[in-house]
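Architecture at a glance
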Amino acid sequence: MKSSPKQKIIEALKDQQAIFGDDLFEEKANLKKSKTSAFEMETTSREDSSRRIAIVKEPVTKSLASKNAVKGDWEKSQSLDKLNSLICNCTNCVLHKGRNKFVFGSGNPNADVMVIGEGPGAEEDKQGLPFVGRAGQLLTDILKAIKFSREEVFIGNIVKCRPPDNRTPLPEEMETCIPYLAKQIELIKPKLILCLGLTAAKGLLKKKDSLTSLRGQVFEYEGIKTMVTFHPAALLRNPNWKKDCWVDVQKFRKLYDEMVA
């Protein structure tokens, strides 16, 4: 299905925000600043390939919205299947109104690696599974290139219902859904997490930096080492970013190998 002009504009703006961060959308931002940032992004991406991985330990801050999220029996779940059965009919945010299917996530319930994206797209909303469209096929290829299969990792999203027109989830939507993701992580107990795109990094790590500044670093979420790279959908729209993504995922694989050695 071809994207409408409106969807193309939204996707282009999301790509720019992912690279430059929220500063791009501030009123005081100007063209000169954007061009400088683009140049800095290019040079930084070249330097990343030779930079040693630095581990950044940061406390996980729980926002007021997360603390006030609706409590329920789902918090006592002892398995992913039980959790899914208790939250699949969630109506805690407006995204449920346009939902076709709730996208819980899929993969190995005992996975060493979790891959976290932004939210379901049109195809995911139809099937109720994460990353099943073109971006999903690219994700499968990326995982295969670093010797992971989809069956051995667990793939999920920051929000579990599709935002209208594939827009970026609003902060309140993300904060309402994050407790569910946190419970999934608690049950799976992965050794490593890979965030796909800036929205996933913002949602999980509470970071406001640009994707350029987050890439190549190792953060910690509840003691779990976490890295950030491009969202596969962004790579489909901007193939020139694939080389930088390849650098990121190679570092991710190296970190995994060091942990399990």
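Residues numbered from 1 in each chain as written. Predicted model: local features only at pLDDT ≥ 70, side-chain atom pairs only at ≥ 80, totals over all residues. Heavy atoms only, no water.

**A few points about the environment of Phe-104**
For the record, the criterion: Only DSSP runs of H or I with at least four residues qualify as helices, and only runs of E with at least two residues qualify as strands; both kinds are numbered from the N terminus onward. The buried label applies to any residue whose accessible area, calculated with a 1.4 Å probe on protein chains only, is under 20% of its type's maximum; exposed applies above 50%, and partly exposed to all values in between. Contacts are assigned to residue pairs that have any heavy atoms within 4.5 Å of one another.
Structurally, Phe-104 can be placed in the loop between α4 (80-87) and β2 (106-107). Residue classification places Phe-104 among the buried residues on the basis of a relative accessible area of 6%. In the structure, Phe-104 is positioned 24 residues away from Leu-80 in sequence and 9.2 Å away in space, judged by C-alpha atoms. Aside from chain neighbours lying at most four places away, what touches Phe-104 is Leu-80, Leu-83, Asn-84, Ile-87, Phe-154, Lys-160 and Gln-184.

**Some remarks on the environment of Pro-232**
Counting through the fold element by element, Pro-232 comes out in helix α10 (residues 232-237). Overall, the relative accessible area of 0% leaves Pro-232 in the buried class. Sequence separation of Pro-232 and Leu-196 is 36 residues, and the distance between their C-alpha atoms is 7.4 Å. Ignoring sequence-local partners within four residues, the contact set of Pro-232 consists of Phe-131, Ala-135, Leu-138, Leu-139 and Leu-196.

**Here's the deal with helix α7 (residues 171-188)**
Keep this limit in mind: Helix span is expected to be 1.5 Å times the residue number reduced by one. The angle separating two fitted axes, one through the seven residues that finish at a residue and one through the seven that start at it, defines the bend at that residue.
With 18 residues, α7 should reach 26 Å at 1.5 Å per residue; the first-to-last C-alpha distance of 25 Å fits that figure. Largest kink in α7: about 35°, centred on Cys-177, with the proline Pro-179 one to four residues after it. Of all 18 residues making up α7, 13 are buried, and the element is well covered by its neighbours. Within two residues after α7, Lys-189 carries a phi angle of roughly 55°, on the positive side.

**So, the packing of α7 against helix α8 (residues 198-205)**
For any two helices packed against each other, one specifies the inter-axial angle together with the distance between the axes. For the record, the criterion: Here an angle of 0 to 180 degrees is reported between the N-to-C directions of two axes, which are lines fitted to C-alpha atoms, with helices fitted over the stretch in contact. Note on terminology: angles under 35 degrees are roughly parallel, angles over 145 are roughly antiparallel, angles of 65 to 115 are roughly perpendicular, and the others are oblique. When residue character is reported, Ala, Val, Leu, Ile, Met, Phe, Trp, Tyr, Cys and Pro are called nonpolar, Asp, Glu, Lys and Arg charged, and the others, Gly included, polar.
Running from N to C, α7 and α8 cross one another at 75°; their axes reach a closest spacing of 10 Å. The angle between α7 and α8 falls in the class roughly perpendicular. Contacts from Met-174, Ile-178, Leu-181 and Ile-185 of α7 reach α8 at Thr-199, Gly-203 and Leu-204. Split into classes, the residues belonging to the contact of α7 with α8 amount to five nonpolar, two polar and no charged.

**A short note on the pattern of salt bridges**
Any two side chains of opposite charge can pair, given that their charged atoms come close. Under the convention used in this document: Any carboxyl oxygen of Asp or Glu within 4 Å of a side-chain nitrogen of Lys or Arg constitutes a salt bridge here.
For the structure on display, the rule yields seven salt bridges. With a closest N to O distance of 3.0 Å, Asp-257 and Arg-253 form a salt bridge. With Asp-257 and Arg-253 both in helix α11 (residues 242-260), this residue pair falls four residues apart, about one helical turn. Among the residues examined, Asp-257 registers a relative accessible area of 35% and is labelled partly exposed.

**Here's the deal with the packing of aromatic side chains**
Test applied: Each pair of aromatic rings taken from Phe, Tyr and Trp, with Trp reduced to its six-membered ring, is defined by centres within 6.5 Å and is described as stacked if the planes are under 30 degrees apart, edge-to-face if over 60, and tilted in the remaining cases.
Using the criterion set out here, one finds three aromatic pairs in the structure. The interplanar angle of 80° and the centroid separation of 5.0 Å between the aromatic rings of Phe-148 and Tyr-256 together place this pair among those described as edge-to-face. You can see Phe-148 sitting in the loop between α6 (134-145) and β4 (154-157) and its partner Tyr-256 sitting in helix α11, a full 108 residues away along the chain. Judged by relative accessible area, Phe-148 falls into the buried class, the value being 5%. A relative accessible area of 12% places Tyr-256 in the buried class. Consider the rings of Phe-230 and Trp-241, whose centres lie 5.4 Å apart with planes at 25°: the pair is stacked. Here Trp-241 lies in the loop between α10 and α11 and Phe-230 lies in the loop between β7 (224-229) and α10, a separation of 11 residues in the sequence.

**A closer look at the pairing of strand β5 (residues 192-196)**
Formally: Paired strands, as defined in this entry, are two strands with at least two bridges between them according to DSSP.
With respect to burial, β5 is a largely interior element, five of its five residues being buried. Alternating positions in β5 separate into two faces, Leu-192, Leu-194 and Leu-196 on one and Ile-193 and Cys-195 on the other, with burial throughout. Pairing of strand β3 (residues 113-117) with β5, which is carried by four bridges, proceeds in the parallel orientation. Note on β5: the bridge partner recorded for Met-114 is Ile-193. With five bridges connecting them, β5 and β7 associate as parallel partners. Within β7, the residue paired with Cys-195 across the bridge is Val-228.

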